[in-house]
Amino acid sequence: MEVLDVVPTRVRRPLDLVRLSGLVVAGLLLTGLGVVASDTGRGIDNDLVRLLADVPPLLVRTLRTLAAFGALAVPLAFMVREIVRSQTRRLIEALATGMAAIAVVEVLDRLVDAFASDALQAALLRPGAAGSVRPLDTYLAALLAFVAVVGVSQDPRWRSLVVGTTALYVVSVFTATKVSLLSLMLSLVIGTAVGIAVRYLAGSIDKRPDGRQIAAALAERGILLRRLERTAAEREEHRSYLGTDCEGRQLLVHVLDRDQIASGAVYNAYRLIRIRTEIAPSPALSLERVAEHRSLLAMAAAATGVAMPRLVAGVRCGPDAIALVYDRVTGSPLVEPTDRQLDELWAGVLRLHRNRITHRGLRAANLLVEPGGAVLLPIPQDGTAFATDLRINLDRVELLVSTVGLVGVQRAVRSARGVLTDDELAATVAVLQPIALSRRTREAIRNDPGLVDAIRDEIEGLTHQPAPELTRVERVRPRTIISVVAVLVAGYLVVGQLGSVDLATVLASARWEWLPPVLAASAGTYLAAALALTGYVGERLSFLRTVLVQLAASFAGFVTPPAVGGLAINIRYLRKAGLRTAGAATSVGMAQVVNGASHVVLLLVFAAASGVSTRHSVPIPGWAFGALGALGIGVSVLLAVPVTRRWLVARLLPPLAEALPRLLNLLTRPAKLAEGLLGALLLNACYIAALWFSVHAFAGGVGLAQVAVVYLAGSAIGSAAPTPGGLGAVEIALATGLAAAGMASAAAISAVLLFRLATFWLPVPAGWLALQWLQRRDAL
């Protein structure tokens, strides 16, 4: 038999990367717990000391002797074993790794001595520790790093020897020195992490079955091959072979190896944390589980009669490998499909879905065409045999995006509509979200930023059905985590600021007759925001309903990261009013751009007025000019680099091309354009008035121009803060600005709190009521 195989001497095992990630997380958690729960750790150490004090001294001395002997004998035994097995290179790597672990621990010891907090040092060392006692144990780390490289997982006797020796050494060191149990645990984690990191980077000896061993295992199953050739695998978690049996039939052999099966597990674990379990695939850490899953999918799909490679057999090739054998089908890539082939493709996928089977691999590069013109689906690997409606819709979206890349949006959507009902096709819009799709499909969408909106508009135009609510696919969003952390930090800063003033005295002397003007100015902001939006929408909108939408946006801005909730509410409202997604996004985007431009112009005008009208001008720090200069240099560099320039052009030009026709249309209607500009100016004017009235409520004595500069600058800072409504950042910026303009610190803080109460906190419950009212009337 002829075997053509590529056998590397060393391979990197993805499972080592998973282990390394887990060790890093464990080390960080242990360090954090040691600092936060230092009293608990000290109590555990004291309990262990009392427990070991009851052990007879003779037994303690015996354990110490055994630990000292084992500490010398075990590494020597491993050295002899490696020399006998002719693994000289691995022995040298293990010794070098042990030395590296010692160096890492020494560096960490010095960092702990020089920079660590008293709480961390107290967690690592027990009271009474001499100056010669180090926070971390170098020998323990070196031993674990050495063992991680030479390997003991395949031999239970050696593994038991290492565990026993390590346990004796830990007990001996704990009783003989003043190090804590946390210190010894961290030493274990650090040493193991260094060893696994070196093992992953240098690679491990390839002990996987080669081509001849695989062929022998298949022969025992009755599959006699006369040729087996290694081919390039599409995925890292399996090896791919092309086999030819004695009858000339060609077979595709996928070999799953235990060491390689965890490929992509870290990324899959991240996806599992971020995305709902129903959408994200679970990390593959079990060889048998993956093989059984793929076998079940292949057999279930074959029972439906869909054209795809058939599973012939599953054969175990030793303890750590399983071969899945498929019939090999010949075909060429599906490049320019005909309408008949598109219909055939959708019909086959629909047959799978009717049997509650999803594929999750329906990408254009995987689709083949037989010489006779029939379409072949690829081998199912990541699908589900008992799929929910959500997973079925995701499968359809994957195929829809793939066919769009082949034939364009209009033809792809019409082909899908020829097989699916209008309800089924419209349901895909709810999951047409890049975050829910596979990595390669997301890359295709990133290369064409307007693709998702174009597909949605085409589906809505064909089905004549309102767009369904987007399905919540994410568990946790990164920006949500950032917002929570930022809110906690902002709250800490604001509370610290409040603690420095006597608010009771300040509030008692306030002039509350200014409260109604503050509330009136706050209410005026919602009228102005509605005017600013309707000015950029050519279609007729109810002004009262638009005002309520702006009020509802205040509630959305309170419970979502900044600028996200308000934009989403306005776009949703315009779509419900009959605008297409691209038109709604363009109108809202134009309103935001004009508001931002008017904001900058007003800031410059009032800054000039503030500087010449009073002797208390608002100081501009020198670093601000440096930051502006650095920003300008950064933008210039990005535009000078071809890669980033093409990236910016690809993302900015399509939205601008969509917005240009609508902008030109508005330019032909000066009244609408003036309406939008007036709304933007009134919006800033109302906020400035609300802050000015708040300042007068506490006898601030700050001029209108200065108040305007403080508000406009503080609002800009708040829009950049990752907290809802700029919480924390706005308060600090406004209070600091008013104090710099000559207002007393206590009065400035009180004025800012009144302003934020009227413009941020009080509208929240009214915004929730407006949101409920609009949703009941299908306006949102």
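Residues numbered from 1 in each chain as written. Predicted model: local features only at pLDDT ≥ 70, side-chain atom pairs only at ≥ 80, totals over all residues. Heavy atoms only, no water.

### What to know about the overall build of the protein chain
Then, number 1: Counting its regular elements, the protein chain contains 30 helices and eleven strands.
Then, number 2: The buried share of the protein chain, reckoned over its 780 residues, is 45%.
Then, number 3: Sequence-distant contacts in the protein chain: of pairs separated by 6 or more residues, those separated by 24 or more amount to 77%.
Then, number 4: Within the structure as shown, the protein chain displays about 37,800 Å² of accessible surface, and the carbon and sulfur contribution to it stands at 66%. (Helix = DSSP H or I, 4+ residues; strand = E, 2+ residues; numbered from the N terminus. Buried < 20%, exposed > 50% of the residue type's maximum accessible area, 1.4 Å probe, protein only. Contact = heavy atoms within 4.5 Å. Areas by Shrake-Rupley, 256 points an atom, 1.4 Å probe, with all protein chains shown as cover.)

### Thoughts on the environment of leucine 48
Then, number 1: Mapped onto the elements of the fold, leucine 48 is located in helix α2 (residues 38–53).
Then, number 2: Considered as a pair, leucine 48 and valine 171 are 123 residues apart in the sequence and their alpha carbons are 9.9 Å apart.

### Details of the sheet that holds strand β10 (residues 368–369)
Then, number 1: Overall, antiparallel pairing links the three strands, which are arranged β9-β10-β11 in an open sheet. Looking along the sheet, the strands with just one partner apiece sit at the ends: β9 (332–333) and β11 (375–376).
Then, number 2: Looking at chain direction, β9 and β10 are connected through two bridges and run antiparallel. The partner of serine 332 across the bridge, within β10, is valine 369. (Pairing = 2+ DSSP bridges.)

### Description of the environment of aspartate 47
Then, number 1: Within the secondary structure, aspartate 47 is located in helix α2.
Then, number 2: A polar contact is formed between the side chain of aspartate 47 and the side chain of arginine 50, at a distance of 2.2 Å. (Polar contact = N/O pair within 3.5 Å; in protein donor to acceptor, adjacent residues only side chain to side chain.)

### Some words on a nonpolar patch on the surface
Then, number 1: Taken together, the side chains of Leu519, Leu757, Trp761 and Leu762 define a hydrophobic patch exposed on the protein surface, amounting to about 360 Å² of accessible area.
Then, number 2: Along the chain, leucine 519 falls in helix α20 (residues 515–534). (Patch = residues over 30% accessible without salt bridge, like charges linked within 9 Å, V, L, I, M, F, W, Y side chains within 5 Å. Salt bridge = Lys/Arg side-chain N within 4 Å of Asp/Glu carboxyl O.)

### Re helix α13 (residues 389–407)
Then, number 1: Over its 19 residues, α13 extends 26 Å from the first C-alpha to the last, a length consistent with the 27 Å expected when each residue adds 1.5 Å.
Then, number 2: Counting buried residues in α13 gives 15 out of 19 residues, a clear majority hidden from the surface.
Then, number 3: Backbone geometry just downstream of α13 places glycine 408 in the positive-phi region, at approximately 95°. (Expected span 1.5 Å × (residues − 1).)

### Examining the nonpolar core
Then, number 1: One finds Leu345, Leu377, Leu400, Val413 and Ile455 to be the most contacted residues of the largest nonpolar core, which totals 48 residues.
Then, number 2: Those elements giving two or more residues to this core turn out to be α11 (287–303), α12 (339–354), α13, α14 (409–417) and α17 (451–463).
Then, number 3: Those residues in contact with valine 413, other than ones at most four positions away along the chain, are Leu400, Leu425, Ile455, Glu458, Ile459 and Leu462.
Then, number 4: Core analysis: the second largest hydrophobic core is formed by 31 residues, Leu691, Ala697, Ala741 and Ala758 among them. (Core = buried A, V, L, I, M, F, W, Y, C linked by side-chain atoms within 4.5 Å.)

### So, the packing of aromatic side chains
Then, number 1: Scanning all chains against the criterion turns up nine aromatic pairs.
Then, number 2: Aromatic pair tryptophan 692 and phenylalanine 693: ring centres 5.9 Å apart, planes at 45°, arrangement tilted.
Then, number 3: By relative accessible area, tryptophan 692 is classed as partly exposed at 24%.
Then, number 4: The class of phenylalanine 693 is buried, set by a relative accessible area of 18%.
Then, number 5: A centroid spacing of 5.0 Å and a plane angle of 80° characterise the contact between phenylalanine 760 and tryptophan 761, whose relative ring orientation is edge-to-face.
Then, number 6: Of the residues examined, phenylalanine 760 reaches a relative accessible area of 10% and is grouped as buried.
Then, number 7: Clustering of aromatic rings is evident, with ring pairs tying together Phe78, Phe146 and Trp158.
Then, number 8: In this arrangement the basic side chain of arginine 12 is found over the ring face of tyrosine 200, its NZ or CZ atom lying 5.8 Å from the centre.
Then, number 9: One residue, arginine 756, lies across the ring of phenylalanine 760, its end atom 4.6 Å from the ring centre. (Phe/Tyr/Trp six-rings, centres within 6.5 Å; stacked < 30°, edge-to-face > 60°. Lys NZ or Arg CZ within 6 Å of the ring centre and 35° of its normal.)

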